[in-house]
Amino acid sequence: MAGHRQQLEQIFEPGSPLARVLDGYIYRAEQVRFAEAVGNALQDELFLVAEAGTGVGKTYGYLVPALLWAHQNREKVVVSTKTKALQQQIVDRDLPQLVQALDFEFKYVEAKGRENYLCWSKYQRILSGRKALEKDQIEFFQKMMTWAEATRSGDRKELGLSLELMRHWPVVMADRNSCLREKCLYHDKCFRLKMIKSMGKADLIVTNHALLLSDVMVDNRILPEFTSLIIDEAHTFIKETFDRLSSRFDHNELLRRLGVLHQRERRARKGFLAHLRSQFAQLGPGLEECEMLAEGLSRTTGKILSGFTRGLALPSDYSFTHILTAEDKEQDWMADILETYTQEWGPVMSQLLLSLSDLHGELEGEAEGSDLLEIMTALRETDNTLFTIMIEGLNSENTITWVDFSQGQAAALCAGGVDTGELLAGKLYSRLKTLVMVSATLAVEDRFDNFIVRSGLHQYGGEGRLVTHLEHSPFEYERQACLYVVEDMPDPGNPAFDLAVFTVMTDIFAAQEGQTMVLITSRQHLQQASRARKPYCQQQGFNLLVQHEYGDFASLMDDFVFGDNCILMGVETFWEGIDLRGDVLRCLVIVRLPFRAPADPYCSAWEQYYRTARQSSFKHFMLPDAALRFKQGVGRLIRSETDRGAVVVLDKRLVDRQYGQVFRTSIPIKNFIPITRQGLTAELRKWR
């Protein structure tokens, strides 16, 4: 154990090869302690839950001990991240630097979903003229051909084409539905298979939560066998599990799949069945039956969705989620929907799949056979999904079901498990010797209890295998930052709140003269704020950048970093994972405390979980979840030793509600000043 600590100290100490490789390297005792905790977990086969605050250097803090352990024990370590940005940073920057710094050799591989890879079979079918392209797909194919012939990885990230052209990537990408596996003529050329083989030889595999969870659901048939797992950005893992393991039946998606198979426009037939009719005259009767069944399935699907629309009778502009209640499930209209599903939809889908299977048998040896197999696989997946929702989901106490609406019309049916922690314990944790869950924001009031329970790790505490580790940020927040809460604002539930927010925003923008980011909790409020402040910003020469209005995430970030007098308004992704150093960001505005909407399915699932346990869902879910999201948001401001700036919170519940203390004690900024709207401007000028 002492040798292990000494080895880590030598790697991280000032003047070490690592210090020479990394620009601006700073030795931090916090990083070494965290690295030791990770190394101990690997050596002693423990489950570690850890928080490494901003500036600790958590990525190198777990990569170094993981690589040391993998090298010494000749076993694999898997690292999983939530965001593509961190996954790419590890693979393209961090690991190449460690190759230079460490005195031993190691192999690493990036594992991504198959949709990231070129399918050589699809590519060859287009190239040989066996598959025709739509007019707007031809330019994309012509521009990617040179890359396709030269690439060794087949990874789409190598393609430097515009977003407009990359919309057509699916025509050549690998996908589960079209994959012929061992029967593929180009099996030896498969880029995804090459990636899988390279994982078998790797010491370290870097993947993402989505692929890791897919591996969990197919009993470890994607990733090679592993027993040591590090989950970074672990604060997102519980929700990511809920989202990825939920079932979703989308009306438009089914219509699209059926449209690929068959569609009738006036007297003309279009789609794959029409193509078969023109090529194989002998298939006529079978094709006729499939066309009738496809049309019947489309009508019956519309009948089911319209049943939810009429039954729930929501406003015509409703474009949100409705959680199906026990009362909803007892209604006559629900009984009619279930009858339509069991007596009409299910039998029609079964007959369609059977008829398509007969057609596939007659196309053996023909190129069209693989196209038909792809369509059949997609329809089987849809069939299984709707069965999971309508039969299993609606009748299970451990599942919530919901309907997504668009402009008052039911658009999708969904179902998700209530206790994802139990599922993770059974399908993931049980096969691990070591698990490290780490994030810059995992503890609420310096405690991990809530995360441990909801992630399904509590049972390992009783076995003595679960340990925790907390490293606070090394930054001097007393000198670098201050948090102001505007205490004379109306309550967020008051209709006057929004107008007051717009007024205070004007004062903040004027005081800061740009370099301000505004974090908002919903798209609706974002749109309102954008409309209200746009004329003022144009008049004053501020460059207002608004998420979902002014380009994608990357272009918004570039404009904010390299532009002048910029104000950025965002929701969702802007609350976490953004690293803006120096004078780029001087003021961070949080409009509302980030409580989730009760109609959020994820929120509803945990509400049901704690209601069943006869515990307060507000205390055990809503409050700690919002405190962590608040902590993430505040963490956008100070990203280095030289950063300085102010956080302004416009939600007075931070000071006039008892639970506000949970938010205040969970963040590293301790300079906390309640202030009036009138006094805010003068205070903010100190931070310019």
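Above this text is the structure in question.
## Brief notes about the sheet that holds strand 11 (residues 409-417)
So, step 1. Ordered in space as 6-11-10-9, the four strands form an open sheet in which the pairing is antiparallel. Both edges of this open sheet fall to strand 6 (247-250) and strand 9 (321-323), since each of them pairs with a single strand only. Taken pair by pair, the neighbouring strands of this sheet meet at an average axis angle of 20 degrees, ignoring direction.
So, step 2. Docked against the sheet, helix 17 (residues 368-393) engages strand 6, strand 10 (399-406) and strand 11, running at close to 115 degrees with respect to strand 6.

## As for the packing of helix 12 (residues 251-261) against helix 17
So, step 1. Look at helix 12 against helix 17: their axes get within 10 Å of each other, and the N-to-C directions meet at 150 degrees. Here helix 12 lies roughly antiparallel to helix 17, going by the angle between them. Crossing of helix 12 over helix 17 shows left-handed handedness. Packed against helix 12, whose contacting residues are Leu254, Arg257, Leu258, Val260 and Leu261, the element helix 17 presents Ile375, Ala378, Leu379, Glu381 and Thr382 at the interface.
So, step 2. Counted by class, the contact of helix 12 with helix 17 contains seven nonpolar, one polar and two charged residues.

## Focus: the sheet that holds strand 18 (residues 587-590)
So, step 1. If you walk across this open sheet you meet the seven strands as 16-17-15-18-19-14-20, and the pairing is parallel. Here the strands that pair on one side only, and so sit at the sheet edges, are strand 16 (543-546) and strand 20 (672-675). Direction aside, the axes of adjacent strands within the sheet are offset by 20 degrees on average.
So, step 2. Sheet topology places strand 14 (residues 481-486) next to strand 20; four bridges connect them, and they run parallel. Its bridge partner lying in strand 20, Val485 is registered against Pro674.
So, step 3. Relative to strand 15 (residues 516-519), helix 22 (residues 497-512) is tilted by about 155 degrees, and along the sheet it contacts strand 15, strand 17 (566-570), strand 18 and strand 19 (645-649).

## Examining the packing of aromatic side chains
So, step 1. In this structure the tally under the stated criterion is 29 aromatic pairs.
So, step 2. Ring geometry for Tyr429 and Tyr460: centres 6.2 Å apart, planes at 80 degrees, overall edge-to-face. Here Tyr429 is found in the loop between helix 18 (420-427) and strand 12 (434-439), whereas its partner Tyr460 is found in helix 20 (residues 458-462), with 31 residues between them in sequence. The residues Tyr429 and Tyr460 share a single accessibility class, namely buried.
So, step 3. Ring centres 6.0 Å apart and planes at 35 degrees place the aromatic pair Trp606 and Tyr610 in the tilted group.

## Some words on the pattern of salt bridges
So, step 1. Inspection of the entire model under this criterion finds 44 salt bridges.
So, step 2. As a salt-bridge pair, Lys122 and Asp175 come within 2.6 Å of each other at their nearest N and O atoms. Of the two residues, Lys122 is situated in helix 6 (residues 120-127) and Asp175 in the loop between helix 8 (163-166) and helix 9 (191-200); the sequence distance between them amounts to 53 residues. Both residues of the pair, Lys122 and Asp175, belong to the buried class.
So, step 3. Salt bridges here are not isolated pairs; linked through shared partners, they connect Glu253, Arg256, Arg257 and Glu381.

## A closer look at the pairing of strand 15
So, step 1. Side chains Thr516 and Val518 project from strand 15 onto one buried face, and the interleaved Met517 and Leu519 project onto a second face that is buried too.
So, step 2. In this structure, strand 15 lies alongside strand 17, joined through four bridges in parallel fashion. Following the sheet pairing, Thr516 is matched in strand 17 by Ile567.
So, step 3. Pairing of strand 15 with strand 18 involves four bridges; the strand directions are parallel. Paired with Val518 across the strands is Val589, a residue of strand 18.

## Brief notes about helix 14 (residues 284-312)
So, step 1. A rise of 1.5 Å per residue sets the reference length of helix 14, with its 29 residues, at 42 Å; its end C-alpha atoms lie 43 Å apart and thus fit the reference within 8%.
So, step 2. Immediately beyond the C-terminal end of helix 14, within one or two residues, lies Ala313, with a positive phi of roughly 45 degrees.

## Points about the packing of helix 22 against helix 23 (residues 523-540)
So, step 1. Look at helix 22 against helix 23: their axes get within 10 Å of each other, and the N-to-C directions meet at 40 degrees. Relative to helix 23, the element helix 22 is oriented oblique. In the packing of helix 22 onto helix 23, the handedness of the crossing is right-handed. Of helix 23, the residues touching helix 22 (which contributes Asp498, Phe502, Met505, Thr506, Phe509 and Ala510) are Gln528, Ala529, Ala532, Arg533, Tyr536 and Cys537.

## Thoughts on the environment of Asn543
So, step 1. Structurally, the position occupied by Asn543 is in strand 16.
So, step 2. It is 9.0 Å that separates the C-alpha atoms of Asn543 and Asp559, two residues lying 16 residues apart in sequence.
So, step 3. Discounting residues that sit within four places of it in the chain, Asn543 has contacts with Asp564, Asn565, Cys566 and Ile567.

## Digging into helix 26 (residues 617-634)
Structurally, the α-helix is built with 3.6 residues per turn, so residues lying three or four positions apart point the same way.
So, step 1. Here helix 26 spans 24 Å end to end across 18 residues, near enough to the 26 Å set by a 1.5 Å rise per residue.
So, step 2. Residue Ser616 occupies the N-cap position of helix 26, its side-chain oxygen lying 3.4 Å from the main-chain nitrogen of Phe618.

What counts and how
- Residues numbered from 1 in each chain as written.
- Predicted model: local features only at pLDDT ≥ 70, side-chain atom pairs only at ≥ 80, totals over all residues.
- Heavy atoms only, no water.
- Pairing = 2+ DSSP bridges.
- Helix = DSSP H or I, 4+ residues; strand = E, 2+ residues; numbered from the N terminus.
- Axes fitted to C-alpha atoms, helices over the stretch in contact; angles between N-to-C directions.
- Contact = heavy atoms within 4.5 Å.
- Parallel < 35°, antiparallel > 145°, perpendicular 65-115°, else oblique.
- Left-handed = near helix turned anticlockwise from the far one by under 90°.
- Nonpolar A, V, L, I, M, F, W, Y, C, P; charged D, E, K, R; others polar.
- Phe/Tyr/Trp six-rings, centres within 6.5 Å; stacked < 30°, edge-to-face > 60°.
- Buried < 20%, exposed > 50% of the residue type's maximum accessible area, 1.4 Å probe, protein only.
- Salt bridge = Lys/Arg side-chain N within 4 Å of Asp/Glu carboxyl O.
- Expected span 1.5 Å × (residues − 1).
- Polar contact = N/O pair within 3.5 Å; in protein donor to acceptor, adjacent residues only side chain to side chain.

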